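For reference, the chains in residue letters:
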Amino acid sequence: MRRLAFLVVVVPALARADLRSGDEQFLHGDYSAAIEAYREVKGRDAAAAQVRLGRVQLQTGDVAGAAATAAAAVKAADRGVAEDAKVLLAEVYCATGRAAEARALLEDIAKKSPKNLRARAQLGLLYRDIGETRLAAKVWNQFYDDHDAGTLDKTKAENLVYLAMAARYLEDFHGANDTLQEAVAKDPKIIAANLEWGSLFLDKYNAADAETSFDEVLKIDPKNPDAHAGLARVKVEQNYDYRGAEAEIDKALAANPNQPMALAIRAELQIDNSEFAAADKTLARILAVNPQDLAALTLQAAIAWLTDDAARLDAVKKRVFAQNGTYARLYHVIADFAVKVHRYKEAIALEEEALRLDPKYSPALAGIGTGYLRMGDETNGRKYLEEAAKRDAFNVRTYNILNLFEDTIPQRYVMFSAGKVFRFRVAKDEKAMLERYVPRLLDKAWAEMVKRYGYTPQTPVTIELFNDPDHYSVRTVGLPNLGALGVCFGQVITALAPSNGNVNWGMILWHELGHVFAIQMSNSRVPRWFTEGLSEVETILARKEWRRENDVDIWQAYARNQLPSVVDLNARFLRADDMNDMVVAYHLSSVTVEFIVRQYGFSKIVEGLKRYAQGKSDADAIKAMTGLAVADFDREFRAYLDRRLAVYRGSFKVEVQRYGDLKTLEIAAAAKPQDASVQADLAIAYLAAEKPEKAGPAVDAALKLDGKNTKALWAAAELAIAKGDAAAGKARLGELIAAGGDGYDARMRLAGLAVEGGDLKEAEAQWQKAKTLDPERSEPSMRLYDVYAKTNREDQALAELERYVMIEQMEYAPLKKLVDKLAAKKAWAKVRDYGEMALFINPYDAELHLTLGDAHAALGAADAAAFEYESALLADPPLRRPAVVQIGLARAQLMRKDTAAAKKAVAEALRLEPDNVEAQELAKKLGVARPR
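If you're wondering where the values come from, they're calculated on a predicted model, not measured in any experiment.

Under the criterion given, the structure shown has four cavities of 30 Å³ or more. As a volume, the largest cavity reaches approximately 60 Å³. Lining the largest cavity, in full, are Leu-563, Pro-564, Ser-565, Val-566, Leu-569, Leu-588, Thr-592, Phe-633, Asp-634, Phe-637, Arg-638 and Leu-641. Counting only elements with at least two residues in the lining of the largest cavity, the list comes to α30 (579-600) and α33 (630-644). The greatest single-element share of the lining of the largest cavity, amounting to five residues, is contributed by α33. When its residues are assigned to classes, the lining of the largest cavity shows eight nonpolar, two polar and two charged.

If you want it as structure tokens, here you go:
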């Protein structure tokens, strides 16, 4: 059966010295020693030791051993020990799917020995697992009755744990929390309390406090498999830390190879990655021990649903509902997976199925509420969330979202419509500016995409821009600290507003709108790699500066022979080792889709989306788009990469972040003392670990074996520079380049040394060389700009600044600097082009609007000039001299032959600055009277 609580390791502290050592070893995770100690106990304590032994066996996954041990101990002469053995045997039955036998034992004990609280608690859990909710409630209420009658001994922390469990399952979550806190305060070593507490927090999406509880367990028992499984869940909830979760799963399984929660989480991760066969194998390990495990069966149902295997889904559902006819969680779990693959309508339908089984099931209510919000139906969304909150006030996500929609959004945000396609939510004090720019960009994007895809998505599409990152995160996922800049739910897009700083709202919204088309056209079945890659291509088609500069990251993976096949690309998103791997996943997806578009035409992208809509695989979609089998496509794509990435061929770079496993590299170096490459790897690892004193000997050993080893020469150069020996560093870098280790990093290092030595000419030469070795890096241009600006080489400075801003499409300050310098030179065409780029980062800058208005006016674009001058007047903070804008506006209106509007603007300019000569001249020309 599925164990919903961590009811384990409550070992009473007995005075008998022959049991105490085993208890102490068990408590602190020395399981093998505890087993040995309990087996050695003789005499009158032998039977009690056997029960303890069985509990260690059960915790470490030896269910057969635990069953045999418990069966033997049941025959003990001591009635209390025999009863404890029966409870243990019932727990073994529960853990192996023998619910009827467990029920018979536990009901008998509860009837004959009502003071056996462990038996009663286990019976409550069993009833809950098999759907006997009325009987479960009766069990839990009896704990309350005992408490109220004063017959529950609250001096024992163990009893408080049982009382807290009763509170939890009677949905008194506040009482459960308080009682667990009391239990831990009474006995800080009671592991069961913190396990139960952590489980309770996880149920309420409070991963931070859950982590604290599990950490407290591990301070006592570092091997505790249930705590490690709990931490694996925490890692998943906190930013989907796949690597961290897998590490905790490994630790749990090291202590208990059959730990069901750890295996279930691993299966979830595999399902997330579409590794369905692997997930089935993982689930088989759980079901081999417990064929009735509801969590494992539920995940099998999810696989069947995701793979459209209706027959299997029906079969699994029959198995689940034969055990528990009201098991609403099955549909809720499948709905969670549906959300992950953008199937939001179907997720709501699944949650509704859950409610049909259990109308009071609050997770389904919350799921339906958030589902409607994702679809833009806020009326129904709030209604269901409010109902969920009534049932469960402790669900952190529900609380956060309701608080946002009930308090924050009404006070700080406003919704408006623009045309028939879009509606927008923005901060009230930003509406005046954003409604001038955001709708017109998205209208353009919409028209282009409708034409490109031959498809019109369902409308309206809601765009929500939040000027507070926490508001955005909560609106999107219910919790703070979301890393993404924008998210698309198919018909609703949430994103950070440009007021957050260095956020290219234009690129983000164009990208997310691309997802609207991909998700809806594919019937929400487009894989992540394809929709992300396609949206990246959309931004490239929109504006040339919106191309991401990550070719070098692909090259490094390519050079290591670590680029996946196109059919494995999706896995890279969830299985990234670090942020660099995630960057590779995104950019490789983009380059792959871009290759298809270039080679086969955009119409083939549409064909691919249609195939995904039919539930087809990546292999089928690739065949439909290109006519190639996967292996042939991979071969053609790599040939394309050979051409595209040729500039990096032969370029040397040390990826320091890949040298973090120092211990492994030390072992490898010891095993191969004559291998220069291995010794050099160790040197780099020491540098990465900030141990230069050890890096030196490793470098010397590598160079002694091979004086031209590029990794060793790089490490030698880094060591010399770190010690302040610039001459030695430069010499080593020269040797590195001569040995075939030329590259961007080496040239940037040489440039830095040249600057320190006052040789700017040499620095310039190295920066220029660095640009050729990696055309996508921006730093050389900024360095060169600074040098050229200081030495009055203005044209060269501006050329470098132009290159810089085309690469760094999220940075406003350099772009604004470029616009101002170009305006000073009256290079109005460039002012217009770069000024419009700047608007996509910061539309609030009054000075930018004024300058852009001047550019449009100088180029004869009267309407555009007037628009920008009007924007300048709306900006906050306002211009110091708004009269200047009014004068520009008047001139623009004259260009438009709108004399009345020009007179109005001149009059306002004179009101603001009566002595402004330019305003006076215009007033005279137009016959506008000066204000008195």
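Continuing now.
Okay, the sheet that holds strand β4 (residues 486-488) next. Pairing between the strands of a sheet comes from backbone hydrogen bonds, and it takes one of two forms, parallel or antiparallel. The strand order across the open sheet built from five strands is β1-β2-β3-β5-β4, with neighbouring strands paired in mixed fashion. Edge positions in the sheet fall to β1 (413-418) and β4, since each has one partner strand and no second. In this sheet, neighbouring strand axes are inclined to one another by 15° on average, regardless of whether the strands run parallel or antiparallel. Sheet topology places strand β3 (residues 461-466) next to strand β5 (residues 492-496); five bridges connect them, and they run parallel. Note that in β5 the partner of Phe-466 across the bridge is Leu-496. The strands that helix α24 (residues 431-453) touches are β1, β2 (422-427) and β3; relative to β2, the one it contacts most, it runs at about 150°. Sheet strands in contact with helix α26 (residues 505-521) are β2, β3, β4 and β5, and its direction is about 15° off that of β4.

Moving on, we come to the packing of helix α17 (residues 294-306) against helix α19 (residues 329-340). Running from amino to carboxyl end, α17 crosses α19 at an angle of 45°, the nearest separation of the two axes being 9 Å. Our classification of the angle between α17 and α19 gives oblique. Where α17 crosses over α19, the two elements pack in a sense that is right-handed. Counting all contacts with α17, which are made through Thr-298, Leu-299, Ala-301, Ala-302, Trp-305 and Leu-306, the residues of α19 involved are Arg-329, Leu-330, Val-333, Ile-334, Phe-337 and Ala-338. Residues of the contact of α17 with α19, tallied by class, amount to 10 nonpolar, one polar and one charged.

In terms of burial, β5 is largely enclosed, as five of its five residues are buried. Burial along β5 is two-sided: Val-492, Thr-494 and Leu-496 facing one way and Ile-493 and Ala-495 facing the other are all buried. Where β4 and β5 come together, three bridges link them in antiparallel fashion. If you follow Val-487 over to β5, its bridge partner there is Thr-494. Counted along the chain from β4 to the antiparallel partner β5, the turn is three residues long, and its residue Gly-490 has a positive phi close to 100°.

Here we take up the environment of Ala-727. Mapping Ala-727 onto the fold places it in helix α38 (residues 726-738). The spacing of Ala-727 and Gly-757 is 30 residues in sequence and 9.6 Å in space, taken between C-alpha atoms.

Our next topic: unusual backbone geometry. Omega for the bond connecting Thr-459 with Pro-460 falls within 30 degrees of zero, at 0°, which places this linkage in the cis form. Residue Pro-877 follows Asp-876 across a cis peptide bond; omega there is 10°. Structurally, Pro-877 is set in the loop between α46 (862-874) and α47 (882-895). Of note in the backbone geometry, Tyr-205 takes a positive phi value of approximately 60° without being a glycine. With phi around 65°, Lys-897 is a residue other than glycine that occupies positive phi space. Positionally, Lys-897 belongs in the loop between α47 and α48 (899-912).

On average, residues of the chain score 94 in pLDDT, and 98% of them are at 70 or above. In this model residues 11-17 is a low-confidence stretch, pLDDT under 50, and it forms 12 contacts with partners more than four residues away in sequence or in other chains.

This part covers the pattern of salt bridges. Summed over all chains, the structure comprises 58 salt bridges. Of the charged contacts, one joins Arg-425 and Glu-464 as a salt bridge, the two residues approaching to 3.0 Å between their closest N and O atoms. Placement of the pair is Arg-425 in strand β2 and Glu-464 in strand β3, with a sequence separation of 39 residues. Of the two residues, Arg-425 and Glu-464, both sit in the buried class. Between Asp-632 and Arg-635 there is a salt bridge, with the nearest N and O atoms lying 2.2 Å from each other. Taken together, the residues Asp-632 and Arg-635, both in helix α33 and three residues apart, mark about one turn of the helix. On the basis of relative accessibility, which here comes to 32%, the residue Asp-632 falls in the partly exposed class. What makes Arg-635 exposed here is its relative accessible area of 53%.

Here we take up the environment of Phe-173. As for its placement among the helices and strands, Phe-173 is situated in helix α10 (residues 173-186). Not counting residues up to four positions away in its chain, the partners in contact with Phe-173 are Ala-167, Arg-168, Leu-200, Lys-204, Arg-391, Asp-392 and Phe-394.

Turning next to the packing of helix α35 (residues 676-688) against helix α37 (residues 710-722). Taken N-terminus to C-terminus, the directions of α35 and α37 make an angle of 30°; their axes are 8 Å apart at the nearest point. By the angle between their directions, the pair α35 and α37 is classed as roughly parallel. In terms of crossing hand, the pair formed by α35 and α37 is left-handed. Facing α35, whose interface residues are Ser-677, Ala-680, Asp-681, Ala-683, Ile-684 and Leu-687, α37 presents Lys-711, Ala-712, Trp-714, Ala-715, Glu-718 and Leu-719. Of the residues that constitute the contact of α35 with α37, the class distribution is eight nonpolar, one polar and three charged.

The terminal C-alpha atoms of helix α40 (residues 760-773), which comprises 14 residues, lie 20 Å apart, in line with the 20 Å expected from a rise of 1.5 Å per residue. The complete set of buried residues in α40 reads Ala-763, Glu-764, Gln-766, Trp-767, Ala-770, Lys-771 and Leu-773. In the core, the buried residues of α40 are packed alongside α39 (744-756), α41 (779-790) and α42 (794-807).

Position of Glu-246 relative to the elements: it lies in helix α14 (residues 242-255). Setting aside chain neighbours within four positions, we find Glu-246 in contact with Arg-266 and Leu-269.

Attention now moves to the environment of Thr-60. By the element assignment, Thr-60 lies in the loop between α3 (46-59) and α4 (63-73). Taking relative accessible area as the criterion, Thr-60 reaches 16% and is therefore assigned buried. Each C-alpha atom of the pair Thr-60 and Arg-643 lies 55 Å from the other, and the pair is 583 residues apart in sequence. With residues near it in sequence (within four places) discarded, Thr-60 still touches Tyr-31, Ala-255, Asn-256 and Pro-257. Within polar-contact distance, the side chain of Thr-60 engages the backbone oxygen of Val-56 at 2.8 Å. Of the polar contacts made by the side chain of Thr-60, one reaches the backbone oxygen of Gln-57; its length is 3.2 Å.

Moving on to the pairing of β3. β3 sits mainly inside the fold: six of its six residues count as buried. On β3, burial covers both faces: Val-461, Ile-463 and Leu-465 on one face and Thr-462, Glu-464 and Phe-466 on the other are all buried. Judged from the four bridges that link them, β2 and β3 form a sheet pairing that is parallel. Considered in β3, the bridge of Arg-425 is made with Glu-464.

In this section: the side chain of Ser-524. Residue position: Ser-524 is located in the loop between α26 and α27 (528-542). Look at Ser-524 and you get buried, because its relative accessible area is 14%. Separated by 2.9 Å, the side chain of Ser-524 and the backbone oxygen of His-342 make a polar contact. Other than its neighbours up to four places away in sequence, Ser-524 contacts Val-341, His-342, Arg-343 and Ile-519.

What counts as what
Throughout, a residue's number is its position along its own chain's written sequence, starting from 1. Reporting of local features is limited, given that this is a predicted model, to residues whose pLDDT is at least 70; pairs of side-chain atoms are given and counted only at 80 or more, and all residues count toward the totals for whole chains, interfaces and linings. Only hydrogens and water are removed before side-chain values are computed, so all heavy atoms of the structure are retained for them. For cavity detection a 1 Å grid was placed over the protein atoms alone, and a set of points counts as a cavity when a 1.4 Å probe fits there but cannot get out; an open set counts as a pocket when protein lies on both sides within 12 Å along at least five of seven lines, with lining residues being those that have an atom within 4 Å of a point. Grid points are joined across faces, edges and corners, and a volume is the space filled by probe spheres set on the points. Secondary structure elements follow DSSP: runs of H or I of four or more residues count as helices, runs of E of two or more count as strands, with numbering from the N terminus. Polar here means any residue outside two lists: the nonpolar Ala, Val, Leu, Ile, Met, Phe, Trp, Tyr, Cys and Pro, and the charged Asp, Glu, Lys and Arg; Gly therefore counts as polar. Strands are treated as partners if at least two bridges between them are detected by DSSP. A fitted line through C-alpha atoms serves as each axis, taken over the contacting stretch for helices, and the angle formed by two N-to-C directions is quoted from 0 to 180°. By definition, residues are in contact when any of their heavy atoms lie within 4.5 Å. Angular relationships are summarised with four words: roughly parallel below 35 degrees, roughly antiparallel beyond 145, roughly perpendicular across 65 to 115, and oblique for the angles in between. Note on convention: the crossing is left-handed when the near helix lies turned anticlockwise from the far helix by less than a right angle, right-handed when the turn is clockwise. Burial here depends on accessible area, computed with a 1.4 Å probe over protein chains only, as a share of the maximum for the residue type. Under 20% is buried, over 50% is exposed, and the range in between is partly exposed. What pLDDT expresses is the predictor's confidence in each residue, scored from 0 to 100. The working definition used for a salt bridge is a side-chain nitrogen of Lys or Arg within 4 Å of a carboxyl oxygen of Asp or Glu. Multiplying 1.5 Å by the helix residue count minus one yields the expected span of that helix. Whenever a nitrogen or oxygen atom comes within 3.5 Å of another N or O atom, the pair is scored as a polar contact, on the condition that within protein one atom can donate a hydrogen and the other can accept it, and that pairs from neighbouring residues in sequence are kept only if both atoms are in side chains.

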